[in-house]
Amino acid sequence: MHDDVTSATINPYRMAVQQFDIAAERLGLSEDMREILRQPKRELAVNFPVRLDNGRIKTFTGYRIQHNVNRGPAKGGIRYSPDVTLDEVRALAMWMTWKCAVVGIPFGGAKGGVICDPKQMTPAELERMTRRYATEISIVIGPHSDIPAPDVNTNSQVMAWIMDTYSMHEGFSIPAVVTGKPLSIGGSEGRNDATATGVLFVTRQGAQRLGMPLRGARVSIQGFGNAGSVAARLFHNEGCKIVAVSDTRGGIYNESGLDPAAVLRHKQERGSVVGFPGAQQVRVQDVLEVPCDILVPAATEGVITAANADRVQATIIAEAANGPTTPEADVLLFKKGRMVIPDILANAGGVTVSYFEWVQDLQSFFWGVDEITKRLEVIMTRAFESVAERADQYHCDMRLAANMLAISRVAEATQIRGIYP
Ligand code: GLU
């Protein structure tokens, strides 16, 4: 197994714009419309001090970017990571716009991020940082303007702090300001598993199209967080063999299959999947290249590149992460006949159940988990079929088909609303 370029060398925003330009060209979009949609509508950068447990004060930098709001309020997660950059958040915000459009939910796209290393922070420091960041971005977020959610290294507890901070400022509880909250304060059934459930739904359809049975299929998963760890459990329950998983510290491989519940327990106890008994240690990038039928990149951007795409062995690549595949790698994978189910479709289950959560919060009327799962399946199935049909029609990969579908919907909304004033 080989070395390859790291995601640090990839600029996600350049990647997102490149993908946009390819789809806009194929759609024959006017140059004026391209200029509107190519850049974010609004960018907020904040620098804010936080008191650490040792008494010192550290100043953090964070962002909240709204790419487009023509189809509805801005929507998208908040990530905490030392690798957050303005261009990364710009790309993620743009992908949220297309994601909401491709599944047909009435939201625009946004994203937030704070440059920090949550693994080095205490819970009290994380809470103070979150509350101060929420206060700083409270000038742009709101239940009818911009609704954050969890993303890399954030979870329902972080959402609870944001909801509480925003509500304290307003003087009453406003659950609909964030999604991905705990159930006890207006969260939705099924939200925790939603991203992975959506990945499973579209992978099932993809496999059906290819005549590949899911039972017994070998699955490799890069990333073991909100999306990856749940995907491992769900694919395992479906009869798949989870042959490899990884987290930021490394990967593990066992061709006879790993037990996801045992791996999760190991990670909870030791802080990493690394060292899981009975598995071979491999590097994070090796998990992308092990022999498997289904590959689920569930970590970050730019991991499948021109440098390693030829070594990807999976027939189906279901993108639980945002932006894991570069445009150059897309070309290589398409040539080899691989089915890439693109991020904006594959991982849209998360934001779709976020939409259900927001609707339930606004109505103060809550649905059961069966209703959530059924509605999610209807939306994901419909979106997959529309994208797959378009890919057949245009003889293109599913990313281009999904982008064309999404961009045409956003362009239509922009066109019909007209330009103010
Ligand atoms: N962070 C998730 C995503 O990238 C969910 C966003 C949301 O629920 O608003 O799709």
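None of the values given here were measured: they were computed from a predicted structure.

Brief notes about the packing of aromatic side chains
One pair of aromatic rings is described through two measures. These are the centre distance and the angle between the planes. Evaluated as defined, the whole model comprises eight aromatic pairs. Aromatic pair Phe48 and Tyr133: ring centres 6.1 Å apart, planes at 35°, arrangement tilted. With Phe48 in strand S1 (residues 42-51) and Tyr133 in helix H4 (residues 123-137), this pair connects stretches of sequence that are 85 residues apart. For the residue pair Phe48 and Tyr133, the accessibility class agrees, reading buried in each case. Between Phe107 and Tyr355, the ring centres sit 5.7 Å apart and the planes meet at 90°, which makes this aromatic pair edge-to-face. Residue Phe107 is located in the loop between helix H3 (86-102) and strand S4 (108-115), and its partner Tyr355 is located in helix H11 (residues 349-363); the two are separated by 248 residues in the primary sequence. When the ring centre of Phe60 is taken as origin, the NZ or CZ atom of Lys58, which lies over that ring, is 5.2 Å away. In this structure, Arg375 is placed above the aromatic ring of Trp367, and the distance from its NZ or CZ to the ring centre is 4.5 Å.

Some details on the site of the ligand
The environment of the ligand is formed by 14 residues, the closest being Lys75, Lys99, Pro150, Asp151 and Ser354. Contact distances for the ligand include 2.6 Å between an oxygen atom and a side-chain N or O atom of Lys99. Residue Arg191 places a side-chain N or O atom 3.1 Å away from an oxygen atom belonging to the ligand. Contact with the protein chains removes 95% of the 300 Å² of surface that the ligand exposes when unbound. Listed by contribution, the elements that provide at least two residues to the shell around the ligand are strand S3 (74-81), H3, strand S5 (146-150) and H11. Class assignment of the residues belonging to the shell around the ligand gives a composition of four nonpolar, five polar and five charged.

A word on the environment of Gly104
Note on placement: Gly104 falls in the loop between H3 and S4. Put simply, Gly104 and Met163 are 59 residues apart on the chain and 26 Å apart in space, counted from C-alpha to C-alpha. Other than its neighbours up to four places away in sequence, Gly104 contacts Arg71 and Arg409.

Re unusual backbone geometry
With an omega of 0°, the peptide bond running from Tyr420 to Pro421 counts as cis. As for its position among the elements, Pro421 is in the segment after helix H13 (398-417). Residue Ser364 is not a glycine yet carries a positive backbone phi of 50°. Note that Ser364 resides in the loop between H11 and helix H12 (369-394). Positive phi, normally seen in glycine, also occurs at His395, with a value near 50°. Looking at where His395 falls in the secondary structure, it is placed in the loop between H12 and H13.

Focus: H12
Look at H12: 37 Å from first C-alpha to last across 26 residues, which is about the 38 Å you get at 1.5 Å a residue. Those residues of H12 that fall on the buried side of the exposure criterion are Ile372, Leu376, Ile379, Met380, Ala383, Phe384, Val387, Ala388, Arg390 and Ala391. Positive backbone phi, at 50°, marks His395, one or two positions downstream of H12.

Here's the deal with the pattern of salt bridges
Evaluated as defined, the whole model comprises 29 salt bridges. Asp286 is paired through a salt bridge with Arg283; the nearest N and O atoms lie 3.1 Å apart. The shortest N-O distance in the salt bridge between Asp330 and Arg399 comes to 2.6 Å. Here Asp330, found in helix H9 (residues 327-335), pairs with Arg399, found in helix H13; they are 69 residues apart in sequence, far enough to count as distant. If you follow the salt bridges from partner to partner, you end up with Arg79, Glu88, Lys111, Asp151 and Glu301 in one network.

Examining the side chain of Ser81
Looking at the secondary structure, you find Ser81 in strand S3. For Ser81, the side chain forms a polar contact with the main-chain nitrogen of Asp83, separated by 2.9 Å. Sequence-distant contacts of Ser81, defined by excluding residues within four places in its chain, comprise Val114, Ile115, Cys116 and Asn153.

Overview of the packing of helix H2 (residues 31-38) against H13
Viewed as axis vectors pointing N to C, H2 and H13 meet at an angle of 105°, and their least axial separation amounts to 11 Å. With respect to H13, the axis of H2 lies roughly perpendicular. Contacts from Met33, Ile36 and Leu37 of H2 reach H13 at Ile407, Val410, Ala411, Thr414 and Gln415.

Some details on H11
Taking 1.5 Å per residue as the helical rise, H11 with its 15 residues ought to reach 21 Å, and the 21 Å between its terminal C-alpha atoms agrees with that figure. Within H11, 12 of the 15 residues are buried, leaving the element largely enclosed by the surrounding structure. Buried within H11 are the following residues: Gly349, Gly350, Val351, Thr352, Val353, Ser354, Phe356, Glu357, Trp358, Val359, Gln360 and Asp361. Those residues of H11 that are buried are in contact with S3, H3, S5, helix H6 (191-210) and H12.

As for the sheet that holds strand S8 (residues 250-253)
One open sheet accounts for seven strands, arranged S9-S8-S7-S6-S10-S11-S12; its pairing is mixed. Edge positions in the sheet fall to strand S9 (280-282) and strand S12 (339-341), since each has one partner strand and no second. Neighbour-to-neighbour, the strand axes of this sheet turn through a mean angle of 20°, independent of strand direction. Pairing geometry for strand S6 (residues 218-222) and strand S10 (residues 294-297), over four bridges, is parallel. In the strand pairing of S10, Ile221 is matched with Val296.

Rules used throughout
- Residues numbered from 1 in each chain as written.
- Predicted model: local features only at pLDDT ≥ 70, side-chain atom pairs only at ≥ 80, totals over all residues.
- Heavy atoms only, no water.
- Phe/Tyr/Trp six-rings, centres within 6.5 Å; stacked < 30°, edge-to-face > 60°.
- Helix = DSSP H or I, 4+ residues; strand = E, 2+ residues; numbered from the N terminus.
- Buried < 20%, exposed > 50% of the residue type's maximum accessible area, 1.4 Å probe, protein only.
- Lys NZ or Arg CZ within 6 Å of the ring centre and 35° of its normal.
- Near = heavy atom within 4 Å.
- Polar contact = N/O pair within 3.5 Å; in protein donor to acceptor, adjacent residues only side chain to side chain.
- Areas by Shrake-Rupley, 256 points an atom, 1.4 Å probe, with all protein chains shown as cover.
- Nonpolar A, V, L, I, M, F, W, Y, C, P; charged D, E, K, R; others polar.
- Contact = heavy atoms within 4.5 Å.
- Expected span 1.5 Å × (residues − 1).
- Salt bridge = Lys/Arg side-chain N within 4 Å of Asp/Glu carboxyl O.
- Axes fitted to C-alpha atoms, helices over the stretch in contact; angles between N-to-C directions.
- Parallel < 35°, antiparallel > 145°, perpendicular 65-115°, else oblique.
- Pairing = 2+ DSSP bridges.

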